[in-house]
Amino acid sequence: VNGTDRSVVIVGAGQAGSALAFRLREIGHQGPIALIGEEIWPPYQRPPLSKKYLTGELERDRLFLKPAGAYDEAGIELVLGRPVTGIDRAARRVLLAGVDNPERRYDILVLATGGSPRLPEDLSDPLPDNIFTLRGIGDADRMRASFAPGRRLLVVGGGYIGLELAAVARLQGLEVTLIEQAPRILGRVACAETADYFRELHTGQGVMIREGVAIAGYRGPVQRPSAVVLADGTEISFDLAVFGIGLVPNDALASEAGLHCDGGVLVDGWGRTSDPGIFAVGDCARLPLDGRMLRIESVHNAIAQAEHLADYLVQPDVSAYAPLPWFWSDQYACKLQIAGLNLGYTSVVTRRGSKSGSLSNWYFRDGKMIACDAMNDARSFMLAKRWLAADRQPTPEMMADPAWNPASF
Ligand code: FAD
């Protein structure tokens, strides 16, 4: 079977899977498309789960990416609540849990399986009743049910999800302590200057932040711990705790099928795995970018990579995926917007924005601007995106000069 008549099976009905399915239809793919998800929900956006969905400001229906009828209308077979349990590469079919119609044949198979929260090694699985991780609607619903003013929340992990959870909990009147094992919060993803900004923001809102401290043990019943003991002997009591300590890519299906995996399904610039009929996109895929193999956990990447793959499947002459990554995070009244990838940066220049409280941190690698964190500073974010796309290079000296007008560049 050739080109646009091929049968496409997508495993994972999330952000990337749905973007791929709809893009394929938009650009003229005629063959069958099956979008198979293990969750019971149609594809939805996850960012609000640690933001307005958790505060109750956003209804569940607003999370869904498409209206209910959109899948039928586009001729996309949406299969929900059915995990794919295996890939039979020789017969080009996937196996589904459940008795009804338990397999789908494919010409093209796309893995868009996302990831799962990393679990604390020293706790039982399933987690105790008052300890949470956050990835899906069900996690957020359970957590929301135990968010009540005055309760003591321990957040473990000072990455974006942990910080967002701390903010949302404070806004709802919980007492929040955040602990980070690394020397500082945001250590993996942002510069010290950006971390300083958010530490100050959270501390000002009454969050107690402890950095460079590891958990040595727990106190209380195994099914409902009541405190952690830190390596320095300090005890922190809590009513509930949430771990935001990173994501493990869902690559077991791929590795069991013999595809090359290494901290994610390994793909090339066209999303191709080590089997020419199988592709991977989104959080589960590790792709070549900026001279390295990376996984990019963001909505923008999930969509952009999926759409790039759709284009490639319909028009194989497209060039390799070369995105301009961007990301955002909302904490209290602060909107952080990030353009570019700050990997391997060698210096950072901070600029104050025109509004009070607005600030941008510009990352340079050997004098070349590679990324920007903009806090309440949409203008700097837009400029950074524009300059990165056009490969325009403000120097660190220009950026460091408060009198220099970026708009004139
Ligand atoms: P997902 O959207 O996770 O979809 C994967 C789907 O595959 C899941 O539904 C999963 O159940 C399913 N699946 C897995 N295995 C199987 C199987 N064997 N069979 C069938 N189905 C399977 N990004 C931003 O850019 N900005 C933000 O502010 C932001 N905030 C976030 C906040 C939270 C709380 C979370 C969890 C994520 C946030 N992200 C944010 C990240 C963003 O949501 C992800 O990068 C994006 O969802 C990745 O899309 P994906 O399709 O690869 O994975």
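Owing to the predicted nature of the structure, the values given are computational and were not obtained by experimental measurement.

### Quick notes on the overall build of the protein chain
Then, number 1: Each helix and strand in the protein chain was counted, giving nine helices and 26 strands.
Then, number 2: Taking 2.2 N^0.38 as the reference for a compact globule, 409 residues should give roughly 22 Å; the C-alpha atoms of the protein chain span a radius of gyration of 22 Å, in line with that estimate.
Then, number 3: Counting only C-alpha atoms and orienting by the principal axes, one finds that the protein chain spans roughly 60 × 60 × 35 Å.
Then, number 4: In the protein chain, which comprises 409 residues, the proportion classed as buried is 49%.
Then, number 5: Of the roughly 18,100 Å² of accessible surface on the protein chain, 51% is carried by carbon and sulfur atoms.
Then, number 6: Taken together, the 42 basic and 48 acidic charged side chains of the protein chain have centroids lying 3 Å from each other.

### A word on the packing of helix 1 (residues 15-26) against helix 7 (residues 299-314)
Then, number 1: Axis separation between helix 1 and helix 7 bottoms out at 8 Å; the angle between their running directions is 35°. Read as a crossing pair, helix 1 and helix 7 show a hand that is right-handed. Residue-level inspection shows Gln-15, Ala-16, Ala-19, Leu-20, Arg-23 and Leu-24 of helix 1 in contact with helix 7, the latter providing Val-299, Ala-302, Ile-303, Ala-306, Glu-307, Leu-309, Ala-310, Asp-311, Leu-313 and Val-314.
Then, number 2: For the contact of helix 1 with helix 7, the residue count by class is 12 nonpolar, one polar and three charged.

### A look at the layout of surface pockets
Then, number 1: Estimated volume of the second largest pocket: approximately 360 Å³.
Then, number 2: When contributions to the lining of the second largest pocket are tallied by element, the ones reaching two or more residues are strand 26 (368-375) and helix 8 (378-390).
Then, number 3: The dominant element in the lining of the second largest pocket, judged by the number of residues it contributes, is strand 26, at three residues.
Then, number 4: Residues belonging to the lining of the second largest pocket are distributed by class as follows: nine nonpolar, two polar and four charged.

### Remarks on the sheet that holds strand 4 (residues 84-88)
Working definition: the strands of a sheet are paired by backbone hydrogen bonds and lie parallel or antiparallel to each other.
Then, number 1: Taking strand neighbours across the sheet as the criterion, the three strands line up as 4-5-6 in an open arrangement whose pairing is antiparallel. The sheet is open, and its two borders are formed by strand 4 and strand 6 (103-105), each paired with just one other strand. Looking at each pair of strands side by side, their axes are set apart by 20° on average, direction ignored.

### What about helix 3 (residues 137-145)?
Then, number 1: When we look at burial in helix 3, the residues that qualify are Ile-137, Asp-139, Ala-140 and Met-143. For helix 3, the angular spread of buried residues about the axis comes to 160°, placing them on one side.
Then, number 2: Here the buried face of helix 3 lies against strand 9 (131-132), helix 4 (160-171) and strand 16 (240-243).

### Comments concerning unusual backbone geometry
Glycine aside, residues mostly have negative phi, and peptide bonds are mostly found in the trans state.
Then, number 1: Of note, the amide linkage connecting Asp-125 to Pro-126 takes the cis form, showing an omega dihedral of 0°.
Then, number 2: Relative to the elements of secondary structure, Pro-126 occurs in the loop between strand 8 (115-117) and strand 9.
Then, number 3: Although it is not a glycine, Arg-92 sits at a positive phi angle of roughly 50°.
Then, number 4: With respect to the secondary-structure elements, Arg-92 resides in the loop between strand 4 and strand 5 (93-96).
Then, number 5: On the basis of relative accessible area, Arg-92 is assigned to the partly exposed category, the value being 32%.

### Let's talk about the environment of Lys-355
Then, number 1: Relative to the elements of secondary structure, Lys-355 occurs in the loop between strand 24 (347-352) and strand 25 (359-365).
Then, number 2: Take Lys-355: its relative accessible area is 55%, and that puts it in the exposed class.
Then, number 3: For the pair Lys-355 and Arg-386, spaced 31 residues apart in the sequence, the C-alpha separation amounts to 21 Å.

### Focus: the sheet that holds strand 12 (residues 208-211)
Then, number 1: Pairing within the open sheet is parallel, and its five strands lie in the order 9-16-10-11-12. Looking at which strands have only one partner, the edges of the open sheet turn out to be strand 9 and strand 12.
Then, number 2: Two strands pair when backbone bridges link them, and strand 9 and strand 16 are joined in this way by two bridges, in the parallel orientation. In the strand pairing of strand 16, Phe-132 is matched with Val-242.

### Observations regarding the confidence of the model for the protein chain
Then, number 1: When the pLDDT values of the protein chain are averaged, the result is 96; 100% of them are 70 or greater.
Then, number 2: The ipTM, which scores confidence in the relative placement of chains, is 0.99 for this predicted complex, and the corresponding pTM is 0.97.

### Topic: the site of the ligand
Then, number 1: The environment of the ligand is formed by 31 residues, the closest being Ala-16, Glu-39, Lys-51, Arg-135 and Asp-283.
Then, number 2: Split by residue class, the shell around the ligand holds 14 nonpolar, 10 polar and seven charged.

### Overview of empty space enclosed by the protein
Then, number 1: Per the stated rule, a full pass over the model turns up one cavity of 30 Å³ or more.
Then, number 2: Here the largest cavity is characterised by a volume of approximately 30 Å³.
Then, number 3: In terms of lining, the largest cavity is formed by Asp-268, Gly-269, Trp-270, Gly-271, Gln-305, His-308 and Tyr-321.
Then, number 4: Looking at side-chain class alone, the lining of the largest cavity contains two nonpolar, four polar and one charged residues.

### Observations regarding the pairing of strand 2 (residues 33-36)
Then, number 1: Here strand 2 shows two buried faces, one formed by Ile-33 and Leu-35 and the other by Ala-34 and Ile-36.
Then, number 2: With four bridges joining them, strand 1 (residues 8-11) and strand 2 adopt parallel strand pairing. Looking at strand 2, one finds that Ile-10 is bridged to Leu-35.
Then, number 3: Between strand 1 and its parallel partner strand 2, the chain crosses via helix 1, and the hand of that crossover is right-handed.
Then, number 4: Sheet topology note: the strand 2/strand 3 (residues 76-79) ladder contains four bridges and is parallel. Bridged to Ala-34 within strand 3 is Glu-77.

Calculation rules
Residues numbered from 1 in each chain as written. Predicted model: local features only at pLDDT ≥ 70, side-chain atom pairs only at ≥ 80, totals over all residues. Heavy atoms only, no water. Helix = DSSP H or I, 4+ residues; strand = E, 2+ residues; numbered from the N terminus. Rg over C-alpha atoms; globule rule 2.2 N^0.38 Å. Buried < 20%, exposed > 50% of the residue type's maximum accessible area, 1.4 Å probe, protein only. Areas by Shrake-Rupley, 256 points an atom, 1.4 Å probe, with all protein chains shown as cover. Lys, Arg positive; Asp, Glu negative; His and termini not counted. Charge placed at Lys NZ, Arg CZ, Asp CG, Glu CD. Axes fitted to C-alpha atoms, helices over the stretch in contact; angles between N-to-C directions. Left-handed = near helix turned anticlockwise from the far one by under 90°. Contact = heavy atoms within 4.5 Å. Nonpolar A, V, L, I, M, F, W, Y, C, P; charged D, E, K, R; others polar. 1 Å grid on protein atoms, 1.4 Å probe; cavity = no way out; pocket = protein on both sides within 12 Å on 5 of 7 lines; lining within 4 Å. Points joined across faces, edges and corners; volume = space filled by probe spheres on them. Pairing = 2+ DSSP bridges. Arc of directions from axis to C-beta. pLDDT = per-residue confidence, 0-100. Near = heavy atom within 4 Å. Right-handed = clockwise from strand over helix to strand, strands pointing away.

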